[in-house]
Amino acid sequence: MPVITAQPYEYSFPTGKIALVVIDMQRDFVEEGGFGSVLGNDVRPLAAIVPTVRRLLDGFRAAKLPIIHTREGHRPDLTDCPPSKRARGKGALGIGDKGPMGRILIDGEPGNDLVPALVALPGETVIVKPGKGAFYATRLGHLLETQGISHLVFAGVTTEVCVQTTMREANDRGYECLLAEDATESYFPEFKAATLAMIRAQGGIVGWTAPTDTIVKALR
Ligand code: TIU
């Protein structure tokens, strides 16, 4: 089995049972005028990881391994958006309101698209999810089961919200989870650092972390 030098210790994976999950690298979080900026965040640190996420994607593509992209997005009629989620934050604009990139956090609007450098290629899966975790109210669990996947590599945004929530959901479902440290980002550097630390603590209570280049090398 290939072995990746990771924290808190080596991560080994059976080739053919590992997949990449790229969380929410969509314009809503990475570009000005989307959900992230409407919540009051500076989106530039998130835009900075796009080339690194692309390297990770290209590594999985070269190795012909499964790739899943997620987007946080709601139906246009908002029937999948709890009123509590819509009301949260008391901002001038909220989920479903018209912003510069179309209706905020709505599936099918320009702001909900993956950023151009990270669009899904034919054969890759895109999961649109109404929650922070990618397993909640989606077909992700079924899809991984039918493909016989046991090991998941994670990237995307934001580290402590959708990435961590999904990683915890996956960990509880028995997946061996590895987070690409430099292919994830937060609007809050201290939250990213804390998330990496809490994932690796207690012998890898949620999983492992490793740099993108180390992961890509091990896939070859
Ligand atoms: N606000 C924030 O940090 N994140 C989200 O709302 N969604 C994701 O993390 N994708």
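My aim in this report is to walk through the structure given alongside it, one point at a time. (Residues numbered from 1 in each chain as written. Predicted model: local features only at pLDDT ≥ 70, side-chain atom pairs only at ≥ 80, totals over all residues. Heavy atoms only, no water.)

### A short note on the pattern of salt bridges
We count it as follows: By definition, a salt bridge exists where a carboxyl oxygen of Asp or Glu is found within 4 Å of a side-chain nitrogen of Lys or Arg.
A full pass over the atoms with the stated rule returns 13 salt bridges. Residues joined by salt bridges that share partners form a network here, namely Arg54, Asp58, Arg61 and Glu124.

### Describing the packing of aromatic side chains
Counted only if it meets this: In this scheme Phe, Tyr and Trp rings, the latter by its six-membered ring, pair at centre separations within 6.5 Å, and the angle between planes marks the pair as stacked below 30 degrees, edge-to-face above 60, and tilted otherwise. Here a helix means four or more residues in a row that DSSP labels H or I, a strand means two or more in a row labelled E, and each is numbered from the N terminus. Each residue's exposure class comes from its accessible area (1.4 Å probe, protein chains only) as a fraction of the maximum for that residue type: buried when under 20%, exposed when over 50%, partly exposed otherwise.
Enumeration over the complete set of coordinates arrives at 6 aromatic pairs. Ring geometry for Tyr9 against Trp208: centres 5.4 Å apart, planes inclined by 75°, an arrangement best described as edge-to-face. Of this pair, Tyr9 sits in the loop between strand S1 (3-4) and strand S2 (11-12) while Trp208 sits in strand S10 (residues 208-210), and the two are 199 residues apart along the sequence. Residue classification places Trp208 among the buried positions, given a relative accessible area of 11%. Look at Phe29 and Phe35: their rings are 6.1 Å apart centre to centre, the planes differ by 80°, and that puts the pair in the edge-to-face class. When its relative accessible area of 7% is taken as the criterion, Phe29 is described as buried. You can call Phe35 buried: its relative accessible area is 9%.

### Digging into the packing of helix H4 (residues 50-62) against helix H9 (residues 212-219)
For clarity, the threshold we go by: Axis lines are fitted to C-alpha atoms, over the contacting stretch for helices. Their N-to-C directions set the angle, which ranges from 0 to 180 degrees. Note on terminology: angles under 35 degrees are roughly parallel, angles over 145 are roughly antiparallel, angles of 65 to 115 are roughly perpendicular, and the others are oblique. Contact between two residues is taken to exist if any of their heavy atoms lie within 4.5 Å; hydrogens are not considered. When residue character is reported, Ala, Val, Leu, Ile, Met, Phe, Trp, Tyr, Cys and Pro are called nonpolar, Asp, Glu, Lys and Arg charged, and the others, Gly included, polar.
Orientation of H4 relative to H9, taken along the N-to-C sense of each, is 10°, at an axis distance of 9 Å. In this view, H4 runs roughly parallel relative to H9, as classed from their interaxial angle. Residues Thr52, Arg55, Leu56, Gly59 and Phe60 of H4 lie in contact with H9, whose contacting residues are Thr212, Asp213, Ile215, Val216 and Leu219. Among the residues making up the contact of H4 with H9, the classes are represented as 5 nonpolar, 3 polar and 2 charged.

### Side note on helix H6 (residues 140-147)
Applicable threshold: In this description, one arc is meant: the one made by directions from the helix axis to the C-beta atoms.
Along H6, the residues classified as buried are Leu140, Gly141, Leu143 and Leu144. The buried side chains of H6 occupy one side of the element, clustering within an arc of 165° when seen end-on. With respect to the buried face of H6, the exposed residues turned more than 90 degrees away are His142, Glu145 and Thr146. Buried residues along H6 sit against strand S4 (67-72), strand S7 (125-129) and strand S8 (151-157).

### Considerations on the site of the ligand
Applicable threshold: Being near a molecule or strand, for a residue, comes down to having at least one heavy atom within 4 Å of it. Each polar contact in these results corresponds to two N or O atoms within 3.5 Å; when the atoms are within protein, one needs to be able to donate a hydrogen and the other to accept it, and residues that are neighboring in sequence are counted only if both atoms are side-chain atoms.
Every residue close to the ligand is listed here: Asp24, Phe29, Phe35, Leu39, Glu72, Lys132, Val157, Thr158, Val161, Cys162 and Tyr187. With respect to the ligand, the side chain of Glu72 contributes an N or O atom lying 2.9 Å from a nitrogen atom. Backbone polar atom of Cys162 to an oxygen atom of the ligand: 3.2 Å apart, as the coordinates give it. Split into classes, the residues belonging to the shell around the ligand amount to 7 nonpolar, 1 polar and 3 charged.

### A look at the environment of Gln164
As for its position among the elements, Gln164 is in helix H7 (residues 159-172). What makes Gln164 buried here is its relative accessible area of 9%. As for Gln164 and Phe154, which are separated by 10 residues in sequence, their C-alpha atoms are 9.3 Å apart. What Gln164 contacts, discounting residues up to four positions off in sequence, is Thr158, Thr159, Thr195 and Met198.

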